[in-house]
Every structure is written in C-alpha cells, then in structure tokens.
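Structural characterization, general
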Amino acid sequence: IEQTLARIWQELLGVERLGRHDNFFDLGGHSLLVVQILARLRDEFDVEVPLRAVFEAPTVKLLAEQVALVLQAPAGTDEDEAEALLQRVASMSDEEAAAMLSALNNGESTVG
C-alpha cells in the first residue's frame, strides 16, 4: 500500500523522491490534490477513504495504515463503523497502530 501511495503522491506532486514520513502538505499538497488522491485510492484499491483522513494522516506511512485498516474492515462494515475505526486509529500512537495491524493480519479481534 505504501509503495502505491508513494507513487500516487510522486505523480500528483511532481516530486522524484519521497520518504514515508514526508508531509503531503509540506511537499506542496492542497485540498484539490487530496481529492485526486482519494479518487486514485478508490481506483487502485476499491476503497472509500474519507477526505479528513489525509488531513489527519498526511504522510505516506500514516495514510497507508488507514487504508490498510479500511481494506481489512469486515465485509458489511458500514461507513459509520469505518469512520469510527479511522478515528480510533488517528488517536493511536505508531506502536498501537502497528500492533493493531499485526493483530488484524494474524486474524485476532481488535474490537473493544
């Protein structure tokens, strides 16, 4: 996910080199490009990421984590549940988010 997201950002921002911790807005990103990113994410991953997610997770690493969580949400998860999950992730430390992703990848429940 990070590689795809980095490629999208490089294309839209016109930058050759991009680090996973580089801030989208510090690189010249703005709200119109955010909309384009979300459209590209929808095309690439068939996922609906809220506009707010890019503002709250403005690095490749953080946004990729949010996309991964949306992709791993159980089938039938409605938008409100997905939004609540994204809010929960946004309030987590990097370590907490990594632990949650690890648990999801191992099939463990993280609800609670």
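Look up a bit, the structure's there.
Since the structure is predicted, the reported quantities are computational estimates derived from the model, not experimental observations.

As a further point, take the environment of Ala 6. Within the element layout of this structure, Ala 6 appears in helix 1 (residues 2-13). What makes Ala 6 buried here is its relative accessible area of 16%. C-alpha of Ala 6 to C-alpha of Lys 61: the two residues are 55 residues apart in sequence and 9.1 Å apart in space. With sequence-adjacent residues up to four places away left out, Ala 6 is seen in contact with Leu 18 and Val 60.

Now for helix 2 (residues 31-45). In an α-helix, one full turn covers 3.6 residues, which means residues spaced three or four apart are oriented alike. Over its 15 residues, helix 2 extends 21 Å from the first C-alpha to the last, a length consistent with the 21 Å expected when each residue adds 1.5 Å. Where helix 2 is buried, its residues contact helix 1, helix 3 (51-56) and helix 4 (60-72). Positive backbone phi, at 55°, marks Asp 46, one or two positions downstream of helix 2.

On to the packing of helix 2 against helix 4, then. Put simply, helix 2 and helix 4 touch, their axes get as near as 13 Å, and they point 45° apart. Between helix 2 and helix 4, the angle falls in the class oblique. The way helix 2 lies across helix 4 gives a crossing that is right-handed. For the pair formed by helix 2 and helix 4, the contact residues are Ile 37, Leu 41 and Phe 45 on the first element and Leu 63, Val 67 and Leu 71 on the second. Residue composition of the contact of helix 2 with helix 4, grouped by class: six nonpolar, no polar and no charged.

Another point: unusual backbone geometry. Of note in the backbone geometry, Asp 46 takes a positive phi value of approximately 55° without being a glycine. On the secondary structure map, Asp 46 appears in the loop between helix 2 and helix 3. Residue Asp 46 is classed as exposed on the basis of its relative accessible area of 70%.

Thresholds applied
- Residues numbered from 1 in each chain as written.
- Predicted model: local features only at pLDDT ≥ 70, side-chain atom pairs only at ≥ 80, totals over all residues.
- Heavy atoms only, no water.
- Helix = DSSP H or I, 4+ residues; strand = E, 2+ residues; numbered from the N terminus.
- Buried < 20%, exposed > 50% of the residue type's maximum accessible area, 1.4 Å probe, protein only.
- Contact = heavy atoms within 4.5 Å.
- Expected span 1.5 Å × (residues − 1).
- Axes fitted to C-alpha atoms, helices over the stretch in contact; angles between N-to-C directions.
- Parallel < 35°, antiparallel > 145°, perpendicular 65-115°, else oblique.
- Left-handed = near helix turned anticlockwise from the far one by under 90°.
- Nonpolar A, V, L, I, M, F, W, Y, C, P; charged D, E, K, R; others polar.

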